[in-house]
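The residues making up each chain are set out below.
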Amino acid sequence: MKKSMITWIVIAVILIAAVPLMQKVNLNRLGADVYYTQIQGEGKKLVDKIGGGETLVRYEYELPAYDQDGSQKTFTFTADKQLREKAYLSLFVKEGKGVTSYQEVAKEELPKKADEKLQ
């Protein structure tokens, strides 16, 4: 009886500790390949009508991107806002899903071969 109670308390503590960790993990980035690109020009404005007469505005970008070895692919992705001109991005790409997430990075964070291609 005492052992089972201790077991349940340990399981509860582990679960409670895991919740904050899971909130910080972006599942769209897990298992994704990383490519690097630079914003060139404004995104194409896309407007969608959603329930209640509201509109959803997104911006579509189609840009060449490079992996850490310098291999190029072109990706299309959307953002909720216009992205900063000349900003460097890490694109997180999953096969069959395309770009699942992105993050702005400093030029110094780019892998050398990707940096050379983005000049």
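The structure displayed is predicted, hence computed values, not measured ones.

Rules used in this analysis
- Residues numbered from 1 in each chain as written.
- Predicted model: local features only at pLDDT ≥ 70, side-chain atom pairs only at ≥ 80, totals over all residues.
- Heavy atoms only, no water.
- Helix = DSSP H or I, 4+ residues; strand = E, 2+ residues; numbered from the N terminus.
- Rg over C-alpha atoms; globule rule 2.2 N^0.38 Å.
- Buried < 20%, exposed > 50% of the residue type's maximum accessible area, 1.4 Å probe, protein only.
- Contact = heavy atoms within 4.5 Å.
- Areas by Shrake-Rupley, 256 points an atom, 1.4 Å probe, with all protein chains shown as cover.
- Lys, Arg positive; Asp, Glu negative; His and termini not counted.
- Charge placed at Lys NZ, Arg CZ, Asp CG, Glu CD.
- Core = buried A, V, L, I, M, F, W, Y, C linked by side-chain atoms within 4.5 Å.
- Pairing = 2+ DSSP bridges.

Draft legend 1. Just the overall build of the chain, in detail. For the chain, the count of helices and strands is 2 helices and 6 strands. Listed N to C, the secondary structure of the chain is α-β-β-β-β-β-β-α in terms of helices and strands. At 20 Å, the chain has a C-alpha radius of gyration far larger than the 14 Å of a compact globule built from 119 residues. With the C-alpha coordinates of the chain rotated into their principal frame, the extents come out at 65 × 45 × 25 Å. Expressed as a percentage of the 119 residues in the chain, the buried residues total 29%. Within the chain, contacts between residues separated by at least 24 positions form 45% of all contacts whose residues are at least 6 apart in sequence. Approximately 8700 Å² of the chain is accessible, and the part contributed by carbon and sulfur atoms is 54%. Of the charged side chains in the chain, 18 are positive and 16 negative; the average position of the first set lies 7 Å away from that of the second.

Draft legend 2. Structural detail: the environment of alanine 17. Mapped onto the elements, alanine 17 comes out in helix α1 (residues 2-24). Under the relative-accessibility criterion, alanine 17 is labelled partly exposed at 45%. Between the C-alpha atom of alanine 17 and that of alanine 65, which follows or precedes it by 48 residues, the distance is 38 Å.

Draft legend 3. Structural view of the nonpolar core. Judged by nonpolar contacts, the single largest core of 15 residues is most densely connected at Ile39, Tyr61, Phe75, Phe77, Leu83 and Leu91. Going through the elements one at a time, β3 (55-66), β4 (72-79) and β5 (88-94) are the ones with two or more residues in this core. Sort the elements by how many residues they give to this core and β3 lands first, with 4 residues.

Draft legend 4. Spotlight on unusual backbone geometry. Despite not being glycine, lysine 86 has its phi angle at roughly 70 degrees, a positive value. Locating lysine 86 in the fold gives a position in the loop between β4 and β5.

Draft legend 5. Structural view of the pairing of strand β6 (residues 98-105). The sheet contact formed by β5 and β6 spans 7 bridges and is antiparallel. Bridging from a neighbouring strand, serine 90 pairs with glutamine 103 of β6.

Draft legend 6. Region of interest: the environment of alanine 114. Summarising the element assignment, alanine 114 is placed in helix α2 (residues 112-117). In this structure alanine 114 comes out as buried when scored by relative accessible area, which is 0%. Residues alanine 114 and glycine 52 lie 62 residues apart in sequence; the distance between their C-alpha atoms is 44 Å. Not counting the four nearest positions on each side in its chain, alanine 114 is found in contact with Tyr36, Tyr66 and Asp67.

Remember, this is a structural readout, not a statement about activity or role.
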